Amino acid sequence: MAMQCVSKVELTISCENLMDKDVTSKSDPLCVLHLNVSGNQWFEVARTERVQNCLNPKFAKKIVIDYQFEVVQKLRFAIYDIDSKAIELNDHDFLGEMECSLGQIVSSGKLTRPLLLKNKKPAGKGTITVIAEEIKDNRVVNFEVDARKLDKKVECYDYDNDGSHDLIGIFETNMKRLQEATRVSPAEFDCINIKKKQKKKNYKNSGVVSVKLCQVVKEYTFLDYIMGGCQINFIVGIDFTGSNGDPRSPDSLHYISPSGVNEYLSAIWSVGLVIQDYDSDKLFPAFGFGAQIPPNWQVSHEFPLNFNPANPFCAGKQGVVEAYRVCLPQVRLYGPTNFAPIIRRVSGFAQQALQQQTASQYYVLLIITDGVITDMDQTRAAIVAASHLPMSLIIVGVGRADFTDMEILDGDDGHLRSPSGQPAVRDIVQFVPYRKFQNASREALAQCVLAELPQQVVSYFRFKKLQPSHEPNPS
């Protein structure tokens, strides 16, 4: 089951070169943070303290906000000159504002931008800097322990069952004593059962617990990797097979409505809108599969949407959308529906990242398709191979086809295997049928398909024992 990635993030705010609205002294700035709910609806999250007579304030009050990777959280930082006790912001001089997403802040760790007036013109030379830091204690303790002469055999139950566990005994110690333990000189403790001690005169212990090793290590979170410099590279694969229908017909899944949308475009837009904040160059490779392409009209299962094999990159999600629109009338929809070639193509990108010594690159392939996979064995093998690489696969199924095979690939039960029986080392596939979101917001689709991605990123880098490229440092 997908779990949302929700963390607490602490924002530190400072400004420079604010406009001076006071006559006899300098401005007395205060920062107000607003969060966008939808459209033009904003609500106030928090305010900093007011800093007196200062055009370069460093606000001492930090603002804590919930962070969700799979949601575009739009923020507005507004600066006001507070010269009275009036609560309404309109009663104070406006010094400028800055809008961004929380994803843009955490992906850079530190974001500096110019302040703008309501008419979007510069607010003098004023700038604002926002620094993000995750609130967490990511220390974990690893033990190497054995025990001897424990009282009788105890049957162990799953922790979720009735809870009727039998107590053998307890001991108390502290971290200093545990960390002194070594395999040569372990720390040993008598395991005491209080009830038995009270009943038996000659009671010594219920066994001895021997701690041979105790290490306190840092277990990195998704935000540690992102704020430590990891780039999430977004790649798109689009199904151009004949089962989509003639793009000129309103019944076709590739038909672009008068309002300029179809299910393919909606999926690209919603997922790209989130992921673009985590890719600094915002250049997204985009491919098609299952079409006959010019000039020879051979069927291809991995052709660049821009027909430039040497440079298949598109400028942001809008570039992918435009490449799709231009490509659509130039190809002939054909078949079959083969996934393996494009998965292997992206695996080639991810393979190069295996040389990385730190957690610097991760790849996300979005495949949008309308039909049943015709190369299932090859696709399973390609996914199992890709599970060893820094990549994830998101599949959005459009139309009304039977997507049973897709559910098999989405190995939430942990049983995806290649035809030869080799298991995937981790779950890297998330499948969602678009029809579940036809009447929902565009954001709802992104929330669902991206919900598992943070854990997939973390599982890979922990599996490879890779640290962030640099320690997240808010200073």
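Residues numbered from 1 in each chain as written. Predicted model: local features only at pLDDT ≥ 70, side-chain atom pairs only at ≥ 80, totals over all residues. Heavy atoms only, no water.

1. Focus: the packing of helix α7 (residues 340-352) against helix α8 (residues 376-386)
Quick reminder of the rule: Axis definition: a line fitted to C-alpha atoms, over the contacting stretch in the case of helices. Angles run 0 to 180 degrees between N-to-C directions. Helix and strand assignments follow DSSP, with helices taken as H or I runs no shorter than four residues and strands as E runs no shorter than two, numbered in order from the N terminus. To sort the angles, those under 35 degrees are grouped as roughly parallel, those over 145 as roughly antiparallel, those from 65 to 115 as roughly perpendicular, and the leftovers as oblique. It is the rotation of the near helix from the far one that decides the hand of a crossing: anticlockwise by less than a right angle makes it left-handed, clockwise makes it right-handed. Contact definition: two residues touch when any of their heavy atoms are within 4.5 Å. Gly is put with the polar residues, along with every residue not named as nonpolar or charged; the nonpolar set is Ala, Val, Leu, Ile, Met, Phe, Trp, Tyr, Cys and Pro, and the charged set is Asp, Glu, Lys and Arg.
Between α7 and α8, the shortest axis-to-axis distance is 9 Å and the interhelical angle comes to 15°. As summarised for this structure, α7 and α8 are arranged roughly parallel, according to the angle between their axes. Crossing of α7 against α8: the hand is left-handed. Contact residues: α7 offers Ala340, Ile343, Arg344 and Ser347, while α8 offers Gln378, Thr379, Ala382, Ile383 and Ala386. Tallied by class, the residues present in the contact of α7 with α8 amount to five nonpolar, three polar and one charged.

2. Focus: helix α6 (residues 316-327)
Formally: Here a helix's expected span is defined as the number of its residues, less one, multiplied by 1.5 Å. Using a 1.4 Å probe on the protein chains alone, a residue whose accessible area is under 20% of its type maximum counts as buried, one over 50% counts as exposed, and one in between counts as partly exposed.
Taking 1.5 Å of rise per residue, twelve residues should cover 16 Å, and α6 covers 17 Å from first to last C-alpha, within 8% of that figure. Listed in full, the buried residues belonging to α6 are Gly316, Lys317, Gly319, Val320, Val321, Ala323, Tyr324 and Cys327. Residues of α6 that are buried make contact with β12 (231-239), α5 (263-275), β13 (283-289), β16 (303-304) and β17 (313-315).

3. What to know about the sheet that holds strand β14 (residues 291-293)
Put simply, the test is: Pairing between strands is defined by DSSP: at least two bridges between the two strands are required.
The three strands lie next to each other as β15-β14-β18, forming an open sheet whose pairing is antiparallel. One side of each edge strand has no neighbouring strand; the edge strands of this open sheet are β15 (298-300) and β18 (332-333). Bridge count for β14 against β15 is three bridges, and the pairing is antiparallel. Bridging across to β15, Gln292 finds its partner in Val299.

4. Here we look at a nonpolar patch on the surface
To keep things clear, this is the line we draw: Patch membership requires more than 30% relative accessible area and the absence of a salt bridge. Residues of like charge join within 9 Å; the nonpolar side chains Val, Leu, Ile, Met, Phe, Trp and Tyr join within 5 Å. Using the Shrake-Rupley algorithm and a 1.4 Å probe, accessible areas are obtained, with residue cover drawn only from the displayed protein chains. Counted as salt bridges are all cases of a side-chain nitrogen of Lys or Arg within 4 Å of a carboxyl oxygen of Asp or Glu.
Taken together, the side chains of Leu167, Ile170 and Ile194 present a nonpolar region at the surface, about 290 Å² in accessible area. Within the element layout of this structure, Ile170 appears in the loop between β9 (139-148) and α2 (175-179). A residue is classified by how much of its surface remains accessible, and Ile170, at 44% relative accessible area, is partly exposed.

5. Considerations on the pairing of β13
Applied cut-off: By convention, a crossover is right-handed whenever its connection, traced from the first strand over the helix to the second and viewed with the strands pointing away, goes clockwise.
The buried fraction of β13 is high, at six of seven residues. As judged from the four bridges shared by β12 and β13, these two strands associate in the parallel manner. The partner of Asp239 across the bridge, within β13, is Phe289. For the crossover that starts at β12, traverses α5 and ends in the parallel β13, the hand is right-handed. Sheet topology note: the β13/β16 ladder contains two bridges and is antiparallel. Residue Gly288 lies in a different strand from β16, and its bridge partner there is Phe303.

6. Observations concerning the packing of aromatic side chains
Our working rule: For this analysis, a ring pair means two rings from Phe, Tyr or Trp (six-membered ring only for Trp) whose centres lie within 6.5 Å, classed as stacked if their planes differ by under 30 degrees, edge-to-face if by over 60, and tilted for the remaining angles.
This model, assessed by the stated rule, comprises 16 aromatic pairs. Centre to centre, the rings of Phe289 and Phe339 are 5.7 Å apart; their planes meet at 80°, and the pair counts as edge-to-face. Of this pair, Phe289 sits in strand β13 while Phe339 sits in the loop between β18 and α7, and the two are 50 residues apart along the sequence. The pair formed by Phe289 and Phe339 is uniform in burial state, with each residue classed as buried. Between the aromatic rings of Tyr362 and Tyr460, the centroid separation amounts to 6.3 Å while the plane-to-plane angle is 65°, which identifies the pairing as edge-to-face. Of this pair, Tyr362 sits in strand β19 (residues 361-369) while Tyr460 is found in helix α11 (residues 453-463), placing the two residues 98 residues apart along the sequence. Tyr362 sits in the buried class, given a relative accessible area of 0%. For Tyr460, a relative accessible area of 1% puts it in the buried group. In textbook terms, an aromatic cluster arises when at least three aromatic residues are bridged by ring pairs, as seen for Tyr220, Tyr225, Tyr362, Tyr460 and Phe461.

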